[in-house]
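Chain and residue survey
In case you want the letters, here they are:
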Amino acid sequence: MPILVRCHKGIGPTVAGTALVAADNFSARYDLDRHRGVFSRPSHKLAGQSYADRILVLDTAKGGVATAWMLHEMAARGIVPRALIFNRVNPILAQGAAFGGVALVDRFEGDVTQLFRTGDELRVDPAAGLVEILNRDR
Amino acid sequence: MRLSDEERAMLAGELGAVRRWGISHQIAVGEFFDAADFVPVSQAHVMADTESLGEAGLRFLEGLAASPEAERRVRVPTITDPRGIDFAVYRRLRQTPEMAALEQRAIEALRAFGVLMTDTCINYQTIMAPVRGEHMAYGDTGVVIYSNSVLGAYSNFEGGPSALAAGLTGRTPRYGYHLEACRRATRRFRLTVKPRDLSEWGALGGIVGEACGSYWEVPVIEGIETVPGSDALKHFGTALASFGSLALFHMPGITAEDAVFAGSPPAVVTIAQDGIEAFLARYAAPEDKLDVVVFGAPQLSLFEIEAVARALDGRQVHDGTTVIVATSPEIKHAADRMGLTSRIEASGAVVAQGICFYQGYAREMAEANGWSRLMTNSAKLVNIIGGYGYRPTLASIERCVDSAVAGRVL
């Protein structure tokens, strides 16, 4: 029986994929080598890890406005996270998800970096405000 | 969201496909943040550097720009954030003709909307500052936090697509810092130190920003005995926005609004000189070979340009070091006219207009020039540039210049 976790209504399509989780923040400009598809900021907890097709689970958005364009550019090249799950985002990440067609949800009851684990198979339904953990039952 | 007749008409495509895209995008964002309705804005400010846009973003802009003129013109004055290429200097920085060609396409597309190519992140110092209570759609975090805090304007961070949408529709969803409830203070800091220069104001912004760590936090800064100038608050605000994603701060008696706490006042966090020293020490690299010094992020005011000129007068930048000074086209023209540009360039430094270093293919520039160690007086830049493969050091203008002349970090 999948675990159902509710959140605020999000943005973008319903998708499924594997979670990559860290108690850290996110900016496409600050943190990523977008050509190689890896976290490049040395101090980031996911430094060196690939984000392509993963469901990124992080605390909050940080920094500047570039992510609003960059998610679209990353999606066009097919090297992009499949979905974004955050505790709470800033406007830029929401704008970027809306423009880039990337699934995004936030505002859960509880800390998403604790609710979800790296390797969880997730189904994210932004329209319903719902995330399912498909591969564990507690 | 509650829509007016005009907004419904835009959504139905009665005002053309471009405005239908704009309002649809804005509704998606507005509903995500539970916006009740739209609020008219009097300016929009678009960040659209080609590194962020990529080919896909550029094609999107060109697609909209090909619409009939009446359908694509912006409805409120719409200006641009810094670009990635200054056509006069890009070859010296080893940016490529391909990058310049992308830049030219972006400029042509933006002009087709009637966007004014101001290419600046210091529009509040150079173009037209907002007045208190004015609703804006500003697309640069430093511009937003300065305008909201120092001047009392109302803006969220509006990324490129959203700022362009606001220019096209003349409005933005009413959420976040357009609402009084969001502008109440949530955190409290007290200084027992007086920052000595702009790099220390930036360091202070970095400390407070990291401590807050969310767009939705609003810090109050107490204990400031002397009113900081515009450049000091510019560096403080841009660092707050960069390290913490913050969009508003209050300094009682200095910034525009009274600092009203959301609930009972939170505990005070004290920041002393040792906090600033520790922050600077994170980036220290004494005696390291120095590859590039960047003055920018935010672009320099006329007074900062003059300070750089004074520090460089009669000196030569080391052969192994490049010095880049980035400012707005308005200030560059003023600096040309006043002889400041020639004073700076006599040292071997490059004065660029309308660009920002980190918005100009910083990774590719590092690879083409063999750059690694970067020195700057901008706390914002040291925060950003690590992700592009640089090793940054933060110091005053004077120490950056002394180091550039020596070719190593002093």
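Residues numbered from 1 in each chain as written. Chains lettered and ligands numbered in written order. Predicted model: local features only at pLDDT ≥ 70, side-chain atom pairs only at ≥ 80, totals over all residues.

**Some words on the overall build of chain B**
When helices and strands are counted, chain B shows 17 helices and 12 strands. Whereas a compact globule of 410 residues would reach a radius of gyration of roughly 22 Å, chain B reaches 21 Å, a difference of no more than 12%. Dimensions along the principal axes, computed over C-alpha positions, put chain B at roughly 65 × 55 × 35 Å. Relative to its full complement of 410 residues, chain B shows a buried share of 57%. At a minimum sequence separation of 6, the contacts of chain B that also span at least 24 residues come to 80%. (Helix = DSSP H or I, 4+ residues; strand = E, 2+ residues; numbered from the N terminus. Rg over C-alpha atoms; globule rule 2.2 N^0.38 Å. Buried ≥ 20, exposed ≤ 12 C-beta atoms within 10 Å, placed from the backbone. Contact = placed C-beta atoms within 7 Å.)

**Thoughts on the overall build of chain A**
When helices and strands are tallied, chain A shows four helices and nine strands. Mapped from its N terminus to its C terminus, chain A presents α and β elements in the order β-β-α-β-β-β-α-β-α-β-α-β-β. Taken over C-alpha atoms, the radius of gyration comes to 13 Å for chain A, in line with the 14 Å a tight globule of 138 residues would show. For chain A, the spread of C-alpha atoms along the principal axes amounts to about 40 × 25 × 25 Å. For chain A, buried positions account for 57% of its 138 residues.

**Thoughts on the sheet that holds strand 9 (residues 322-327) of chain B**
Residue and element names in this part refer to chain B. Strands sit in the order 10-9-8-11-12 across an open sheet of five strands; the sheet is parallel. Of all strands in the sheet, those bounded by a partner on one side alone are strand 10 (350-353) and strand 12 (391-394). Going across the sheet, the axis of each strand differs from the next one's by a mean of 25°, ignoring polarity. Direction of pairing for strand 9 relative to strand 10: parallel, over a ladder of four bridges. By the bridge assignment for strand 10, I324 is matched with V350. Helix 13 (residues 329-337) contacts strand 8 (292-300), strand 9 and strand 10 of the sheet and is inclined by roughly 135° relative to strand 10. (Pairing = 2+ DSSP bridges. Axes fitted to C-alpha atoms, helices over the stretch in contact; angles between N-to-C directions.)

**Examining the interface of chain B and chain A**
One frequently used descriptor of interface size is the decrease in accessible area upon assembly of the parts. Listed per partner, the contact involves 30 residues of chain B and 32 residues of chain A. Elements represented by at least two residues in the side of chain B that touches chain A include exactly helix 2 (17-32), helix 3 (50-65) and helix 8 (160-169) of chain B. In terms of residue count, the dominant contributor to the side of chain B that touches chain A is helix 3 of chain B (five residues). When its residues are assigned to classes, the side of chain B that touches chain A shows 12 nonpolar, 17 polar and one charged. (Nonpolar A, V, L, I, M, F, W, Y, C, P; charged D, E, K, R; others polar.)

**So, the sheet that holds strand 1 (residues 3-6) of chain A**
All names here are of chain A. Here we have seven strands laid out as an open sheet, ordered 1-9-8-2-5-6-7, and mixed in their pairing. The sheet terminates laterally at strand 1 and strand 7 (103-105), the two strands that pair on one side only. In this sheet, adjacent strand axes meet at a mean angle of 30° when their direction is disregarded. Sheet analysis places strand 2 (residues 15-21) next to strand 8 (residues 121-125), joined by four bridges and oriented antiparallel. Counterpart to G17 in the pairing with strand 8 is L122.

**Description of helix 2 (residues 67-77) of chain A**
Of all 11 residues in helix 2 of chain A, eight are buried; the element is thus mostly enclosed. For helix 2 of chain A, every residue scored as buried is listed here: T67, A68, W69, M70, L71, H72, E73 and M74 of chain A. On its buried side, helix 2 of chain A packs onto helix 1 (28-31) and helix 3 (91-100) of chain A together with helix 3 and helix 8 of chain B. Where helix 2 of chain A terminates, the next one or two residues include G78 of chain A, which has phi positive at roughly 75°.

**Let's talk about the nonpolar core**
Ranked by internal contacts, the top residues of the largest apolar core, which has 173 residues, are V57, L84, I85 and L104 of chain A together with V308 and V325 of chain B. Sequence-distant contacts of V325 of chain B, that is, excluding residues within four places in its chain, are made with F295, L300, I305, V308, I344, A349, V350, V351 and A352 of chain B. (Core = buried A, V, L, I, M, F, W, Y, C linked by C-beta atoms within 7 Å.)

**Brief notes about the domain arrangement of chain B**
Residues and elements named next belong to chain B. Here chain B is described as being made up of domain 1 (5-180), domain 2 (184-280) and domain 3 (283-406). On a C-alpha basis, the centroid separation for the pair domain 2 and domain 3 is 25 Å. Every contact between the two is made by 15 residues of domain 2 and, on the other side, 15 residues of domain 3. Listing elements by their share of the side of domain 2 that touches domain 3, those giving two or more residues are helix 9 (198-212) and helix 10 (230-244). At seven residues, the largest contribution of residues to the side of domain 2 that touches domain 3 is made by helix 10. Residues that form the side of domain 2 that touches domain 3 fall into these classes: five nonpolar, seven polar and three charged. (Domains from an automatic or database assignment.)

**Let's talk about the pairing of strand 11 (residues 373-376) of chain B**
All names here are of chain B. One ladder, built from three bridges, connects strand 8 with strand 11; its direction is parallel. Paired with V294 across the bridge in strand 11 is T376. In terms of strand pairing, strand 11 meets strand 12 through four bridges, oriented parallel. For T376, the partnering residue across the bridge sits in strand 12 and is L394.

**With respect to the environment of I207 of chain B**
Residue and element names in this part refer to chain B. With respect to the helices, strands and loops of the structure, I207 is situated in helix 9. With 22 C-beta atoms counted inside 10 Å, the residue I207 sits in the buried group. Beyond its immediate stretch of four places on either side in the chain, I207 contacts I271, G275 and F279.

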